Amino acid sequence: MIRHANAKKFKIGSPRSLTMAKSLKIRSWFIVAPSAEASTVHSADADVVVLDLTGLPESQNAVGDFCRAWADLAPVAGLSFLLPAFSSARTEAAIDLAIQYGAASVVLSGVRNGAEVQRLDMALRVAEIRAGLAPGKTRIVALANASGILAASSFERCSNRLAALGWEGGYGPSSDTARVAAGTIALTAAATGITAIDAVSPAGDAATFLSDCERARANGFSGKLCRSSDQIPIVNRIFSV
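Residues numbered from 1 in each chain as written. Predicted model: local features only at pLDDT ≥ 70, side-chain atom pairs only at ≥ 80, totals over all residues. Heavy atoms only, no water.

Trainee: Explanation requested: the pattern of salt bridges in the structure shown.
Mentor: Opposite charge on two side chains allows them to pair when their charged atoms are near. Counted according to the given criterion, the structure contains 11 salt bridges. As a salt-bridge pair, Arg 227 and Asp 52 come within 3.5 Å of each other at their nearest N and O atoms. Of this pair, Arg 227 sits in the loop between β8 (223-226) and α8 (232-238) while Asp 52 is found in strand β2 (residues 48-52), placing the two residues 175 residues apart along the sequence. Looking at Asp 52, the relative accessible area reads 13%, which means it is buried. With a closest N to O distance of 3.2 Å, Asp 176 and Arg 179 form a salt bridge. (Salt bridge = Lys/Arg side-chain N within 4 Å of Asp/Glu carboxyl O. Helix = DSSP H or I, 4+ residues; strand = E, 2+ residues; numbered from the N terminus. Buried < 20%, exposed > 50% of the residue type's maximum accessible area, 1.4 Å probe, protein only.)

Trainee: Quick question: what am I supposed to make of the confidence of the model for the protein chain here?
Mentor: Detailed reading of the predicted coordinates is not advisable wherever pLDDT falls low. Averaged over all residues, the pLDDT of the protein chain is 89; the fraction at 70 or higher stands at 90%. Low pLDDT, under 50, characterises residues 1-24; the stretch is placed with 57 contacts to residues that sit more than four places away or in other chains. (pLDDT = per-residue confidence, 0-100. Contact = heavy atoms within 4.5 Å.)

Trainee: What's the story with the sheet that holds strand β6 (residues 162-167) in this structure? I'm lost.
Mentor: The pairing of strands in a sheet comes from backbone hydrogen bonds and takes either a parallel or an antiparallel form. Strand order in the closed barrel formed by 8 strands is β1-β2-β3-β4-β5-β6-β7-β8, with parallel pairing between adjacent strands. In this sheet, neighbouring strand axes are inclined to one another by 25° on average, regardless of whether the strands run parallel or antiparallel. Pairing analysis gives 3 bridges linking β6 to strand β7 (residues 195-198), with the strands arranged parallel. Directly across from Leu 165, in β7, lies its bridge partner Ala 196. On the sheet, helix α2 (residues 60-73) packs against β1 (28-32), β2 and β3 (80-83) and is oriented at approximately 160° with respect to β2. (Pairing = 2+ DSSP bridges. Axes fitted to C-alpha atoms, helices over the stretch in contact; angles between N-to-C directions.)

Trainee: Can you help me understand helix α3 (residues 91-100) in this one?
Mentor: Because each turn of an α-helix spans 3.6 residues, side chains separated by three or four positions in sequence point in the same direction. For α3, the buried fraction is high: 7 of the 10 residues fall into the buried class. Along α3, the residues that are buried comprise Thr 91, Ala 94, Ile 95, Leu 97, Ala 98, Ile 99 and Gln 100. Those residues of α3 that are buried are in contact with α2, β3, β4 (105-111) and α4 (114-130).

Trainee: For this particular structure, what's the right way to read the packing of α3 against α4?
Mentor: Angle between the axes and distance between the axes are the two parameters that describe a pair of packed helices. Relative to each other, α3 and α4 sit at 45°, their axes nearing to 9 Å. Classified by the angle between their axes, α3 and α4 sit oblique to one another. Crossing of α3 against α4: the hand is right-handed. From α3, Glu 92, Ile 95, Asp 96 and Ile 99 reach across to α4, where they touch Arg 119, Leu 120, Ala 123, Leu 124, Ala 127, Glu 128 and Arg 130. (Parallel < 35°, antiparallel > 145°, perpendicular 65-115°, else oblique. Left-handed = near helix turned anticlockwise from the far one by under 90°.)

Written out as structure tokens, the structure is:
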């Protein structure tokens, strides 16, 4: 793998983004497109910025531009990277890119079971070694899809890298399906001793989003995925309680 000439600027080991499990409470996980303006993203004050790599290879050049701008703005705040699901056959390329730019963590979408977390663990190890890094530093956040929610028990003890477990929405927040999905993930994370992250909420008014956050906190979630900067202050406030 060819490393970017400025890769040394991208640091692994950020105190905000790497130590994400039991000792550090991360509230807001802000998913942004590589085309986003780094300064605008930085001003949103999210605990973790997650750069979306699910659009590769089309967005590969934009990823480099964003990471270079981010390193100039926040040299000690490592980025997280959202990886496409293994079912897409594009995960390995995204892993290489994330490691190239010093990922503090990776967020795997569409996770079907704990075996896919183990697969990601092995792929990260290979990418870290290729990049000349000590293997084992990059943490994993798994976002379970419907299959993963039904196979939730498989996430227990599947990888020492697994720091957080979340779920992918698509259901009405007040639906029975959403309640079961959220409850399953929260209980599994608690049993495994890792952080629980709530799904992205549908676009709506601030009062509805506030209610979603309060429900998630009451159910044991420590933070929430967001795609809008307007949601970050609400998440940070509710999950600080």
